[in-house]
Amino acid sequence: MTATTVDGATAPQAAAPSRAVSTVTPKAAIALGVVLALYALLLLLAPHEGDARFRLSTERDLFVLPTLEVPALATAWVCAAIGLAVVALAVVRNLGGRRVPLWGTVLYAAALLVGFLAWAAAGSPRDLSVVGLLSGAVVLCVPIVYGALGGVIGERAGVVNIAIEGQLLAGAFTAAIVGSLTNSPWAGLLAAMVASVLVALVLGLFAITYKVNQIIVGVVLNVLVIGLTSFLYSQVLVPSAEVLNTTTRFARIPIPFLERIPLLGPVLFNQTIVVYLMFVMVFAVWFALYRTRWGLRVRAVGEHPKAADTVGIDVVRTRYRAVVTAGAVAGIGGAFYTVVSINQFNREMTAGAGFIALAAVIFGKWNPVRAALAGLLFGFATNLQNVLSVVGSPVPSQFMLMLPYVVTLLAVAGLVGRSRPPAADGVPYTKE
Amino acid sequence: MRLELRGITKRFGALVANDHIDLVVEPGEIHSLLGENGAGKSTLMNVLYGLYTADEGQILLDDEVQRFDGPGDAMAAGIGMVHQHFMLVPVFTVAENVMLGHESTRAGGVLDLDSAREVVREISARFGFHVDPDALVEDLPVGVQQRVEIIKALSRNADVLVLDEPTAVLTPQETDELMGIMRQLRDEGVAIVFITHKLREVRAVADRITVIRHGRVVGEASPTATDAELASLMVGRAVELTVHKETPRLGDNALEVRDLVVTSPDGQPLVDGVSFTVRGGEVLVVAGVQGNGQTELTEALLGLHESARGSIRLDGHEIVGRSVRRILDAGVGFVPEDRTEDGLVAEFTIAENLILNRTDGPPFVRGGSLQLDARDDFAREKVAEFDVRTQGIDVPVGRLSGGNQQKVVLARELSRDLRLLVAAQPTRGVDVGSIEFIHKRIVATRDAGIPVVVVSTELDEAVALADRIMVMYRGKVVGIVPSTTPRDVLGLMMAGIAPETEGEAA
Amino acid sequence: MSGQTPGREPENPLDQALESVDAAAEPGLAEELEQERAREREAAVEETGVRWADAFRRIVSGGWVVSVGAIVLAVLVGSIMIVFTDERVQETAGYFFARPGDMLAAAADAVGGAYSALFRGSVYNYQADTLTLAIRPLTQTLTNAGPLVAAGLGVALAFRAGLFNIGGQGQILMAAAGAGWVGFGLTGVPFPLHLLLALVAGILAGALWAGIAGILKARTGAHEVIVTIMLNYVAFYLISYLLATPGLLQAPGSANPQTPRTQESAILPRLVGERFPLHWGFVLSLLAVVLVWWLLNRSSIGFSFRAVGENPKAARVAGIDVPRTTVSVMLVAGALVGLAGVQQVLGTITTGFGSDIDAGIGFDAITVALLGRSNPWGVLGAGILFGGFKAGGSAMQAGEGIPIEIVLVVQSLIVLFIAAPPLVRAIFRLPQPVTRQRRGTPPVRSTATTTEGQA
C-alpha cells in the first residue's frame, strides 16, 4: 500500500490534489437511465387502471391526515417524468465533469418509489398504509443495522466478518434461553451479547491469532452456529419449551406527545428500547470510530497495521478489542429476534439477515451511518414485499425479497461509485 | 541524549547479523552508519527500535541501560525512527498520523485534534516545513511524507533520531533539503543516526562515520575520507564495476518509441511524451531517481498499460494496443523490476517458472496438455547453463535466494527467440557474484544484435552497462547522452536539469 | 508474540529469522539466510542417516496427521454434546455422587449407541437380516458422496485459482432447475439422449450462474465472495418464484411449490441394482475427479489457473489474460457444482423437487474442499467421509433420536481444526513442522478479501 502510494506520488508533483478531482464516470447516469427505462417498460406493458389510496394516519394521531387517493397510472407517469428530469440532470452534470448531487438521487428514488407504489396499489380494495410500510421497515431493519454496525467495526480493524449471521443466531438462541429462565428481556439481551462475543472470540482466535483465512472462518462459524443451535433446539428447547423457550418481550415505550405526530410518531416514537438504542448506537459507533482515540487506533490497525505497531500500538490486542466490541453490538441484533420480535427461538430463524447486514456494510462503504441507512433500505425492501402482498400487488413477492441482494450486486459491481475498503481488511498481521 | 550500543549481537540461527557492535552517538552529532545492502545496518536499527531483541549486548541512553520490548518502549525512551518505507496511514490526515499512538484526548477518550494540529504547525514552523496538518497523507509528495515522519518523531520529543536510507526515494534537491534539516536538528542537540550506502551523502553531512560489513564494525572514518577509502572499507576489497564489452555493432533492427504517454488511473501523466530509438546491438540504460516513470515505461513496452498512447515500433511493427501475449510472441523479453511480484510465482517450482510464459503451444504444451518431460529436460538444461544454485528443478522458486531467482527469470526470457530485451533493475537485491553473471548475459544479448533496454537507478551500473544513457525525470526524457558523460552532468540530469542548453526540462 | 501458543514447540530459528526479515529492506541478509538454511538442510539430511526416523517425523508433521487429528477432535466434541443432551445421562447425573456408575454407563450407552448407529447407517448394518440390507448403507454413503465430491471439486478448483466460490447453493439450484426443466419438460426423447440433454442443461446452468460472478469480478473487480453469496439468495428466490408459478417449474395441477417428477428417460440408472440407491452420478463424480486432476496438474489451462491463483501479477506479465482466466475458472467451477445439482435431480430425488433441493451441499462443498486440501483425490476422500456422516446422521436421528445437525457441528469443527494446524498440534503435542509453510495451502492462505481487484 505504502509502496504504491510512494511511487504514485513521486512521479509528477502535480499529482498532489488529484484525489479530490477523481474521475467522474457516466456509470451513475447510465444506471439511473436503465432503471427508469425498466420502470417505464413496466408501466407500458402492465398498465394498472384505477385509483391508489395511501393511508397516512392512524387513529391515535394528533390530527388526521386525509387518505390520499390518486389516479394510479397518471401518478406513476408523473413520477416517471420526475425521474426523467433527474436523469437529464445527471447527464448534463456528467458532461460538465461533475457528479450527480445527492438530492437528485434521493428525489429520483422517491419519485420512482411513489410511482411504483401507486402502480402496484392501483385498484386494490384496501388502502396502502404508509405508516405500516415505514414502521415495519424500521422494525425489520433492526437486526440488519446492529449486524452491519458490528461488521463495520470489525472490518475497520481489518477483520472481515462473514459470521454476522452466526452471531445473530447465537444471540437469538441465548437470549431465548436466558430470557425465558429469568423472565427478563434485559437478561436475555445481555446474554445475547455475551453469546455473540463468544462467536467473535472464536473468529478472533482463528483470524487474528492463527491467521486463518477470515472468509473460511466466517463461513464455517456460520455452519457451526446453525448446527449447534439447531441441535440444542431439538434436544433441549423443544422438550421443555415452557421453561426454556418462552420469553417475556420488551414492551413498546411510546414517547409522550411525539408518538402522536402523524406519520412520524408511530414510525419513530412508539418502539421498543432496542429500536431507540439502535438510533443511539448508529451515532455512537460513528462518533467512536471517527472522534475518539479508540477509533483512530482501530482504523489505523485496519489500514496500516505495521505503522500502528511502530508507534507502539498493540495490533493484535486492538483487533481483538474491536472484534469483541463488534460482537457485542451484533448480539443486540440477535436478541431482537427472541426478546423483541417474538417470544421464542426457532431453528435458523435469522434467515440470512446476517448476510444482508454484510451487504449493508459494503453498500454503506464501511461507514456506520451509511451502513445503517443501507440496512434501513433493505429492511424497507423486505417490508415493501409484506405490504404489497396485503394490497394484492401483481409483483411476485420473491422478486421483492430478492431486491436487497440485487441492489448489493449492483453496488459491488461499481454502479454506486467505487468504494474503498480498509487497506488491511482481511489481512492478518505478522509482526516482525 | 547520548546513545550507546555495547556489544550488540543478533543471530539468526547460525548467521550472525550483528556481531558485537559498539556504537556511540553523542547529542548534537550526525553519526553515519555506512554499509552495503545486507551488512546488518537495518538489523541493528531494528534492535535499537525494539523490533528485534538482541541476543547479547546493551543499549544505553545517557549511560542508563534500557530494555525495549517493542517500539513503544523505544519511543518512550526518546528514540525516533524514520523508516525507509514510511510508516504512515495513507487515508489519515497529517495531524492524525502525528498523534497516532500518543493521542491527546479530552474527556472520555475524545480526540483533541486541535492540539495535534498545533503540534504539526509548531514543528513545521520551527523547521520551515510547509505541511498542512489537515492534508491527507496519500495526497502528499514523498518528500513531504518524509517530513511528516520527522514531525512524528519530533512530536514525541525524540532525542535520538534514526533515519533509515532516507534518500532512496528523494531527488537530489530533496536530498539536499533533508540534509539541511538534519543539520538543523543536530544544532538543536538531537543525536542523529543516518543509515545509508551512498558515499556522497555521508561525506556531505556526517560528523562521524562507522562502517559496517558482514555484521561487524570494520572501522570508523572521518568525513574527509575519500570515496575510494570509504568504498574499500565498505566492501572489503577493491571495487571494480566495469563490464567488459566491445564497441557496439549496430544492426538495422530497432525499437522505436515515439511520443509515448502513460497515464495513471486518475489521469496524471506517468510517462509524458517519451521518444527514443534503440538499435539492435546496443544497450540503452534508462537512468533516474526511482519513481520518475521508468517502471511505467518498461511496463508499457510489454503492453501492461492500457492507457498507453503513442507509438512503439519493434522492427517496424506497431505494438501499442497489442495484448501482452502477442507482444511476448513478437519476441520481447521482459525482466520485471520486482521479480517476486511480477516475474515469478513463488509457490511454483523452478521448472514451472521456466515455462511460465510459454504455455500456449509447443514444445511445452501439445493438445492442451503439458509436456512434463520436455519441461523438465529444458529446466535441467537451463539450471546448468545459468548456474542456478538449487537442490533440484522441483524446488519452489520462492525458496531460492534473490540472485538465483533472477537467474531463473533471465533464463526463461533469454531462452526465447528475442527481438528485444527489456530489463528493469536486473541486479537489485542480487549478490555480487550473480551481478557479474547477469551483466555478462545482458552484454551477450546485445552482442547477438538484439536491442536492449535496461532500467537502473544505480549510476555505477548505468555507466558500466550502457552504450547510451537516457535520463528520465517526472515522466519526461531529460536527455539521451553517451555513457562517457561525466557523472556530475548525469547527476544534474537526474534532478531534471538538461545538459548544456535548455535548463529546466520538465 | 502473535501466533505463539503455549505448547508450541520452537521452530527452526533460521526459518523464524527468514520470516521476520524484510527481504525488500535487507535483500543481502535474506539471501545469506537462505543459503545458510540450504547448507543446514543438506547437513541435516546427511547427519540423521536413519531414514525411517526422518520419515516418521515427516509423516507426523505432515498435513494428513493434522487432518486425522482434526477429525478425532471434532468427533470427540460431538460425543460430549451427545452425552450432555442425553436424557438418561441428565437423570443419572442427578445422583452422580451416590452412584456414579449409572451416569457413566448412561454416557457410554449414549455415545456407543450414537456411533454404532452412525456406523450402521453409513458403512455396514450388522443388525440387518440380509446382506443386501447390510451393505445398503455403504451405497447410501456413496450416493451422498457423489454430489458432495462434485461440488467440492468446484470449490477446490476455484480455490486453486485464488477464488472463493461460496456460491455453491445458487449454482446447485440453477443446475437443478436446468436439468429438471429438461428432465420433466422435454417429452418424446429416448433414454440416453434425454439424460444427456438434461445433464448438459444442468451443468450449463450451474456454469453460467457462477460465470456471472466471474464476469463481475473480471470486469468490475467486485469481490467474488460477496457476489456469490448474493447470487445464492437471488437464485433461491428466483427458483422459489419459478416453483410457485404454473407453467414454469411448478408441477401442473399442484398448488405446492414443487416440480413434476423426472421422466424415466432422463434418470441416471442405478449402478448396482434397483435395491441400492447408488446411481451413475457417483461415477460421473469419479470421472470429474480425474478430469480436475488432469486439468490442474497436466493441462496448460490448469497451469494458467494456478498461476493466476498464486500470483496474478506475474501471470499477467507472463501473457496470461487474467480476467478471461477468472471467468473460465468460475465457469468450470460452476459446471462442477452444477454436476452436483444434476445428480440430485436426475439421480437422488427424481420425484420432483422444491427449493431445498440443494440440501446444504453448497456449503458442505466448502468444508469438503478444505478437508481435501483442494486436491482432487483429497476431495474424493473428504466427500465420501461427509457422505457417510450424512447417511449415518440420518440413521442416528431415526434410531437414537439425535438431531442430524450434530453432523453440521462435527463437520464445521473439523474444518476449523484443520484450518489452524498449530492448534491441533498443540492439543496432540505433535511437533510443529520444520519447514515453514509458505503461507499454507492455497485454500487456507489468507487473501485480502476486498482489497484486491481495484482497477
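Treat the numbers as computed from the prediction; the structure is a model and nothing was measured. (Residues numbered from 1 in each chain as written. Chains lettered and ligands numbered in written order. Predicted model: local features only at pLDDT ≥ 70, side-chain atom pairs only at ≥ 80, totals over all residues.)

### Some points on the sheet that holds strand S1 (residues 51-55) of chain A
Paired through backbone hydrogen bonds, the strands of a sheet run either parallel or antiparallel to each other. Residues and elements named next belong to chain A. As a reminder of what qualifies: Two strands are said to pair when DSSP picks up at least two bridges between them. We count a stretch as a helix when DSSP gives it H or I for four or more residues in a row; a strand needs E for two or more, and each element gets its number in order from the N terminus. The contact rule is simple: place each C-beta atom from the backbone, and if two of them lie within 7 Å, those residues are in contact. Every axis corresponds to a line fitted to the C-alpha atoms, with the helix fit spanning only the stretch in contact, and the corresponding angles, defined between N-to-C directions, vary from 0 to 180 degrees.
Reading across the sheet, the three strands line up as S2-S1-S3 and stay open at both edges, with mixed pairing between neighbours. Strand pairing shows two members of the sheet lacking a second neighbour, strand S2 (68-71) and strand S3 (128-129), which therefore form its edges. Of the pairings in the sheet, the one linking S1 to S3 comprises two bridges and is parallel in character. By the bridge assignment, Arg55 is partnered in S3 with Ser129. Contacts from helix H4 (residues 72-95) reach S1 and S2 within the one sheet, and its direction differs from that of S2 by about 80 degrees.

### Quick notes on helix H1 (residues 41-48) of chain B
Let me state the cut-off plainly: Backbone-placed C-beta atoms define the burial measure: a residue is buried with 20 or more other C-beta atoms within 10 Å of its own, exposed with 12 or fewer, and partly exposed in between.
Counting buried positions along H1 of chain B gives eight out of eight residues, so the element sits mostly inside the fold. Backbone geometry just after H1 of chain B places Gly50 of chain B at a positive phi near 85 degrees.

### Details of the domain arrangement of chain B
This is how the line gets drawn: Each domain's extent was defined by an automatic or database domain assignment.
What the domain assignment lists for chain B is domain 1 (3-235) and domain 2 (254-494). Spacing between the C-alpha centres of domain 1 of chain B and domain 2 of chain B amounts to 34 Å.

### Quick word on the pairing of strand S8 (residues 191-196) of chain B
Residue and element names in this part refer to chain B. Of all six residues that make up S8, six are buried, and the element is covered over most of its length. Where burial is concerned, the two faces of S8 agree: the one with Ala191, Val193 and Ile195 and the one with Ile192, Phe194 and Thr196 are both buried. Sheet topology note: the strand S3 (residues 29-34)/S8 ladder contains six bridges and is parallel. From the neighbouring strand, Leu34 faces S8, where its bridge partner is Thr196. One ladder, built from five bridges, connects strand S7 (residues 160-164) with S8; its direction is parallel. From the neighbouring strand, Val160 faces S8, where its bridge partner is Ala191.

### Digging into the sheet that holds strand S19 (residues 420-424) of chain B
All names here are of chain B. Strand order in the open sheet formed by six strands is S16-S19-S20-S13-S21-S22, with mixed pairing between adjacent strands. Every other strand in the sheet has two partners, leaving strand S16 (332-335) and strand S22 (476-482) as the edge strands with one partner each. Along the sheet, successive strands turn relative to each other by an average axial angle of 15 degrees, direction set aside. Both S16 and S19 contribute to a ladder of four bridges, which runs parallel.

### Focus on the confidence of the model for chain C
Close inspection of predicted coordinates is inappropriate in any region flagged by low pLDDT. Residues and elements named next belong to chain C. What counts is decided by this rule: Confidence of the predictor at the level of single residues is captured by pLDDT, which takes values from 0 to 100.
Summing up the model confidence of chain C, the mean pLDDT is 81 and the portion of residues at 70 or higher is 81%. Taken together, the stretch residues 1-14 has pLDDT below 50 and engages in 28 contacts with residues farther than four places along the chain or on a different chain. Low confidence marks residues 38-52, where pLDDT is under 50. Its contacts with residues over four positions away, or in another chain, come to four contacts. Here the complex is predicted with pTM 0.84, and the ipTM for its interfaces comes to 0.81.

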